[in-house]
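Okay, here's what each chain looks like letter by letter:
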Amino acid sequence: SARTGRDCQAVCVQFLSAPLRPTQVVMMRSATARLCQAAKASKVSRSTLRPLALASRTLVSQSRLDAVRANATQAPRPMSGSAVQQIRATSDVTKIGSVAGSRMLSGGEVIFNLLEEHGIDTVFGYSGGAVLPLIDAFHGKGIKWIQSAHEQCSGHSATAYAKSTGKFGVCIVTSGPGITNLVTPLQDALSDGVPLIVFSGQVPTGAMGTDAFQECPATEITRPCTKWSYVCLDFNQLPWAVNEAFRIATSGRPGPVHIDLPKDIVSMKMQVPDAVFRKSAPTAVDGPPMLDMALIDKAVQMLNKAKRPIFYVGQGANHCPEILTAIAKKANVPVTTTLHAMGVFDERDPLSLHMLGMHGAAYANFAIQNADCIVAIGSRFDDRTTGVVNKYAPKARAAEADGTGGIIHINIDRTTFGKVVKATIPIWADSEHALTAMEPGIETEDTASREAWVKQCQDWKEQYAFGYVKAPGGRIKTQQVIEATNDFLQKSGWMDSKDVFFCTGVGNHQMMSCQFIRWNRPRQMITSGSLGVMGAGLPFSVGVQVANPKALTILIDGDGSFGMTNMDLQTVVRYNLPVKIAIMNDARQQMVWIWQRLFFDGRHISVDNVNPDFVKLAQAWGMEAAMCDNEADLPAAVEKWLNFDGPMLMDFRVVPDICLPMVAPGKALDEMILLEDREAIFGKSEDEMGTMKFEGLAPS
């Protein structure tokens, strides 16, 4: 079978056409190796062996997916000739070329109809030769196609669409560089738990493995940064593959999936039964974990006995703010959140301690370190929220040893248990289900101690409130601009009367937005958390505005982040999206500049930005734009900007600053650099180094 290229290609297609059971992987690897040896012995050319090499590499990579394969339904096998004959014999053929209850559809049309069946109304993407048979199916149809300026922008916009709504985000790109440009959005979606579904074009099956134009091993590239990555080599498997992608994307902790579509498979036409497009139970999302009520009871008892409890809430609770708020108030427990959960508990409530962590509230960090019971709800103990782990939560650890407290960890992803912090009581559950089960049993035993603890947290909150040192000469800082924006939104009542979303890039402006905006509902902050993608802000704002056309979408971006994707202004203009864009323009990558000052004795390199005139850049796209560089003009500039009917860009010329508080690497969560330490670490001016010395590794 190794004598001709056709036979080798057939073997390759057979091996790759469907997911294999884990027990089959070893056998298939062995068979591929033997076939390769036979081919070499027969002196077959290198080009003939390429499909076999592709099959072998894929089989090796496939072993990484054993866990997913165990949970996934098996793909349908291609029908045998006898089965096809039987179907033809029993079909109700009403006329030549037509079968009752079926339609002649291309592979692209099959995918389009399946997307409609799953409730998809918007797709983000970019065209290309290999994906044309798929995107042609969208022409003149009901699903809205949003063309971005770059595939990476398409991926980020689809991610933001999903983040802001809780729905699926869908992105379609071409082969080769089209899909490689999506690696960053895929990893971002995986890290932040976003249900992103990506379809990529691929060269025809006959050209796979030949280094054809714009060919790349797409599924091998995306497999590490997705929950599931699959190349569909059989038309009959298209419905299964699409339904399986939707199932996996939202089962357990959400995440991205990828389907690679060879051009000939998507171009092919077949008579497709209408029943294919009816969702059935096997394609539904996996059910949530079943509750272990014994663990729920233990958690309730621990919380009731605790004198100094705190709720540490992550985005896994974004879908249940009502029950979270009810329990926090009933038990009189302070609440702190991660970056992605800001607003799940109204930050204007006295029990709110806002965001914790490296640049979070000092009072939240103090509370975590002094609490005797930490209830982690839908969070995963990210390193930015724990500080050095061996110094994390000392009072809770002591209470655990005494049997009077500890750490309760509620998460739908059980792989998070013990990964960073070992919990006293790990509860594998949907946050809403766990909290609902706990609520009837909540009854604080020592109300006096609980009230004293809340008073202590509020005293910390007043003593260590977020602040900054104003710039001389009436110039403005990033904190000041964000504070003025929040003041306008709060005083105007818009934070309550309107759907307000904030998007950011990554850097000082991102952390300062967390600090100086008072969040009041979940999913208000759309940003890149774990991966920290600079440049994601503008395409995020596009996705949010498309998903929420009546909302007020505000982009707070740094000049460094904005410079990476500002070509997506064309998407804002193309669809007349009324996004309000604010660039914190300090001509510098200030957060990294600070780290070089603190950890590298002020040896600065690769941190200065050469920027265009952002006002003229926006005007070149036909957008309204203005500049503000002083305190006197700031309130009026913010009001005009946010009231403008349509997209508008503001170039805020800000003075660079350090973002405080800050937990340095290797330090405990409560060993923070505070505002009162600013001069000691920053110096009196940029020309003078501070007296505080730093050792170890700079933050990543």
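Quick note: structure is the one above.
Residues numbered from 1 in each chain as written. Predicted model: local features only at pLDDT ≥ 70, side-chain atom pairs only at ≥ 80, totals over all residues. Heavy atoms only, no water.

Notes on the sheet that holds strand β15 (residues 406-411)
One open sheet accounts for 6 strands, arranged β13-β12-β11-β14-β15-β16; its pairing is parallel. Every other strand in the sheet has two partners, leaving β13 (352-355) and β16 (425-428) as the edge strands with one partner each. Direction aside, neighbouring strands of the sheet carry axes that sit 15° apart on average. Lying over the sheet, helix α18 (residues 394-402) contacts β14 (373-377) and β15, oriented at roughly 105° with respect to β15. (Pairing = 2+ DSSP bridges. Helix = DSSP H or I, 4+ residues; strand = E, 2+ residues; numbered from the N terminus. Axes fitted to C-alpha atoms, helices over the stretch in contact; angles between N-to-C directions. Contact = heavy atoms within 4.5 Å.)

Focus on the pairing of strand β11 (residues 309-313)
Most of β11 sits inside the fold, with 5 of its 5 residues counted as buried. Neither face of β11 is exposed, since Pro-309, Phe-311 and Val-313 on one face and Ile-310 and Tyr-312 on the opposite face are all buried. Pairing of β11 with β14 involves 5 bridges; the strand directions are parallel. Bridge pairing in β14 links Phe-311 to Val-375. Relative to strand β12 (residues 335-337), β11 is paired through 3 bridges, and the arrangement is parallel. Looking at the pairing, Tyr-312 lines up with Thr-336 of β12. Between β11 and its parallel partner β12, the chain crosses via helix α15 (residues 321-331), and the hand of that crossover is right-handed. (Buried < 20%, exposed > 50% of the residue type's maximum accessible area, 1.4 Å probe, protein only. Right-handed = clockwise from strand over helix to strand, strands pointing away.)

Topic: the sheet that holds strand β6 (residues 169-173)
Backbone hydrogen bonds hold the strands of a sheet together, and the pairing may be parallel or antiparallel. Pairing is parallel across the open sheet formed by 6 strands, whose spatial order is β5-β4-β6-β7-β9-β8. Edge positions in the open sheet fall to β5 (144-147) and β8 (228-231), since each of these has one partner strand only. Strand-to-strand, the axes of this sheet are offset by a mean angle of 20°, without reference to chain direction. Together, β4 (122-125), β6 and β7 (196-202) form the strand contacts of helix α8 (residues 151-165), whose direction differs from that of β6 by roughly 165°.

So, the pattern of salt bridges
The final tally for this structure, using the stated rule, is 18 salt bridges. Of the charged contacts in the structure, one is a salt bridge between Asp-346 and Arg-348, with a shortest N-O distance of 3.1 Å. In this structure Asp-346 comes out as partly exposed when scored by relative accessible area, which is 27%. For the salt bridge of Asp-657 with Arg-678, the shortest nitrogen-to-oxygen distance reads 2.8 Å. Taken as a pair, Asp-657 in the loop between β23 (648-655) and β24 (662-663) and Arg-678 in helix α30 (residues 678-682) lie far apart in primary sequence, 21 residues in all. Arg-678 carries the same exposure label as Asp-657, and that label is buried. (Salt bridge = Lys/Arg side-chain N within 4 Å of Asp/Glu carboxyl O.)

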